[in-house]
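Understanding the architecture of this molecule
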Amino acid sequence: MMNNRQLADTFTLIANLLEIKGEIIYKTLAYRKASENLMSLGREASEYWKEGKLEEIPGVGKALAEKIDELLSTGKLGFLEKLKKEVPEDLASWLQVPGLGPKKIAAIWKTLNITTLAQLEKAAKAGKLRDLPGMGKKSETAILDGLASLARRSGRIPLGRAYPLAQEIIGVLKGVKGVVAAEPAGSLRRMRSTVGDLDILVAAKDSSAVMEAFVNLKGVSRVLGKGETKASIEFTDGVRAQVWVHPPEKFGTALQYATGSKDHNVQLRQLALDKGLSLSEHSFTRVKGGKEIFCATEEEVYKTLGLPWIPPELREDRGEVEAAKANKLPKLIQVQDIKSNLQTHSTWSDGKLSMLEMARAAAKRGIEVIAFTDHSAGLGVAGGMKMEDHKKQAAEIKKIQKELRDEILVLHSTEVEIKADGTLDYPDEFLATLDIVVASLHTSLRQPREKITQRLLNAVRNPNVDIIGHPTGRELMPEREAADIDMEAVLRAAAESGVAMEINAHPSRLDLDDGLARRARELGVLLSINTDAHSEGDLDMLHYGVAIARRAWLEPKDVINTWSTKKLLDWLKKRG
Ligand code: DGT
Ligand code: CA
Ligand code: ZN
């Protein structure tokens, strides 16, 4: 029976093929919406189906319910089979090429009668695209660049996908008889922004029941290996997962080993050797012989080495072992330290909730200050606001603040476009009237390095700008490379001007990533962790941003969102 992901993929495929076919956008939107809703649905659609309640799924009306019904009962869909005969399925993969949209795809396919990515590349290289209607030499080069960028993609899994999937798997494994504990390990536990595969560690005396449950998880397409202590699977979408099973008395050494990183582990093993011990996945043994030392917890592992426990986010061999030895580990920031959310969107631009609803949702999560950073006019696709409308928004903020009283403080703000020519989308005199200003790049991200760096520098040095939103423009879901920016120059300028650089907590961005955030802190730049929430659910993504900050060694004082309301307002006042 098809699971939600497979149903969602089917609807996305339909939407993509319909778009290439030339169907009006409004028709494809219903499929895209349904696909999104299926992905974020808390229960399997098949359960709704069994209850005869498919239409209770958000975005699913009668027509879509019939299609889901057909897919669940037969595993196929007549409508899609017919569509594939009109529009070859291979063409859908062309949509992943940056710079290539449905209209151009249709034109190329119909004129040259080609359908695969390989044929597309060959045609572009042979200069056969430039003469097609609506194209030119420039679009041909853009397609070649897009194909090259596609080839450079990592094949790694974004944390925002891996993390919920791992939680699901862990939930199932915890329900297996005899399981004492189940935890993420590997890069997943270290919270890297992308992971190669999912590593999960289970404590149980007997591994066979765990292995059985693991290889029979929903959506598994292949079992890559299955042994006494380890099993490895691949899901239909190519994601791989690995489970390690150890008895509870060895859980500490096993978890430490499986968490890595490899380089961190190399360091620990050397430390052990210096003490005449050999450290393995199972235990410490004395090199000279003698009793094995078992560790049920990680704390015991580190203690045996004479170290305090090192948080997983730091285990990258970036100085953490030396810091631990000297008792100088940072007091890492935690989710509960965050008091403000300084990038959120409401229905004034492309957010799903009104300001009042959003403010209440944030307050419910312990947030004390929220800034509404609705898009500026230039970002038309995201419902950018005309400058005049800010008067009305300010009036609404006054009104809802009365209603909210001291539940949460609402700040009037904007996410102002840094335009292609390097100027900001609103004039300085207007920006100066707002409580706080976020400036971001969304368009013309492929400008040459010098030009786009200068664009960002202009914003960094503008005294009306307080935060630079998602500074590099990289995206993880779907994958998009960062703009070619001299970030070292930008961070140095930020240290000088006092502007804060964002760690955008939304798992589709996680920008700045840990490396740049750590460099920022080194240079004395302030950081700001914001959810960029467009819906209530987005407010719960904060922990991803905090994890990136922890990987960057950040302490509460480095992040303006941990400050008291007074300190934050004083800072804003001083900036003018
Ligand atoms: P990934 O999956 O590429 O994002 O990165 P990791 O760190 O999850 O690495 P992975 O999945 O290859 O291995 C999982 C853990 O297993 C790793 O974090 C540490 C441990 N490990 C793997 N290979 C070695 C090794 O050769 N030596 C040691 N000491 N540990 C290893
Ligand atoms: Ca891994
Ligand atoms: Zn933005």
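For the structure, see preceding data.
Described in the following lines is the structure provided in the data block. (Residues numbered from 1 in each chain as written. Chains lettered and ligands numbered in written order. Predicted model: local features only at pLDDT ≥ 70, side-chain atom pairs only at ≥ 80, totals over all residues. Heavy atoms only, no water.)

**What about the packing of aromatic side chains?**
For the structure on display, the rule yields 6 aromatic pairs. Consider the rings of Phe 11 and Tyr 31, whose centres lie 5.9 Å apart with planes at 45°: the pair is tilted. With Phe 11 in helix α1 (residues 4–21) and Tyr 31 in helix α2 (residues 25–39), this pair connects stretches of sequence that are 20 residues apart. For Phe 11, a relative accessible area of 0% puts it in the buried group. Here Tyr 31 and Phe 79 contribute two aromatic rings whose centre-to-centre distance is 6.3 Å and whose plane-to-plane angle is 10°, an arrangement assigned as stacked. On the criterion of sequence distance, the pair formed by Tyr 31 in helix α2 and Phe 79 in helix α5 (residues 78–86) is long-range, its members being 48 residues apart. (Phe/Tyr/Trp six-rings, centres within 6.5 Å; stacked < 30°, edge-to-face > 60°. Helix = DSSP H or I, 4+ residues; strand = E, 2+ residues; numbered from the N terminus. Buried < 20%, exposed > 50% of the residue type's maximum accessible area, 1.4 Å probe, protein only.)

**Considering the sheet that holds strand β18 (residues 527–530)**
Sheet architecture is open: 7 strands sit in the order β10-β11-β12-β13-β14-β17-β18, paired in parallel fashion. Of all the strands in the sheet, just β10 (340–344) and β18 have a single pairing partner and so form its edges. Pairing between strand β11 (residues 369–372) and strand β12 (residues 409–417): 4 bridges, direction parallel. Opposite Phe 372, over in β12, you have His 412 as the bridge partner. Across the sheet, helix α16 (residues 355–364) touches β10, β11 and β12, and the angle it forms with β11 is around 150°. (Pairing = 2+ DSSP bridges. Contact = heavy atoms within 4.5 Å. Axes fitted to C-alpha atoms, helices over the stretch in contact; angles between N-to-C directions.)

**Digging into a nonpolar patch on the surface**
A grouping of Ile 24, Ile 25, Tyr 26 and Leu 29 is seen on the molecular surface, where their side chains present a nonpolar patch of about 460 Å² in accessible area. You can see Leu 29 is positioned in helix α2. (Patch = residues over 30% accessible without salt bridge, like charges linked within 9 Å, V, L, I, M, F, W, Y side chains within 5 Å. Areas by Shrake-Rupley, 256 points an atom, 1.4 Å probe, with all protein chains shown as cover. Salt bridge = Lys/Arg side-chain N within 4 Å of Asp/Glu carboxyl O.)

**Remarks on the coordination of the zinc ion (ligand 3)**
Protein coordination at the zinc ion (ligand 3) comes from Glu 415 (OE), His 442 (NE2) and His 470 (NE2), with a distance range of 2.1 to 2.2 Å. Sequence spacing of the donor residues for the zinc ion (ligand 3), all on one chain, is E-x26-H-x27-H. Residue Glu 415 is found in strand β12, and its partner His 470 is found in the loop between β14 (467–468) and β15 (475–476); the two are separated by 55 residues along the sequence. The burial state of Glu 415 is the same as that of His 470; both residues are buried. (Donors = N, O, S within 2.8 Å, 3.2 Å for Na, K, Ca; no water.)

**Section: unusual backbone geometry**
Of note, the amide linkage connecting Gly 260 to Ser 261 takes the cis form, showing an omega dihedral of -5°. In this fold, Ser 261 is placed in the loop between α12 (251–259) and α13 (262–274). Along the chain, Met 477 connects to Pro 478 via a cis peptide bond; the corresponding omega equals -5°. Within the secondary structure, Pro 478 is located in the loop between β15 and β16 (479–480). The phi torsion at Asp 532 lies on the positive side, around 55°, for a residue other than glycine. Here Asp 532 lies in the loop between β18 and α22 (542–551). Judged by its relative accessible area of 7%, Asp 532 falls in the buried class. The phi dihedral of Trp 553 is positive, around 70°, even though this residue is not glycine.

Geometric descriptors of this kind do not, in isolation, establish any biological role.
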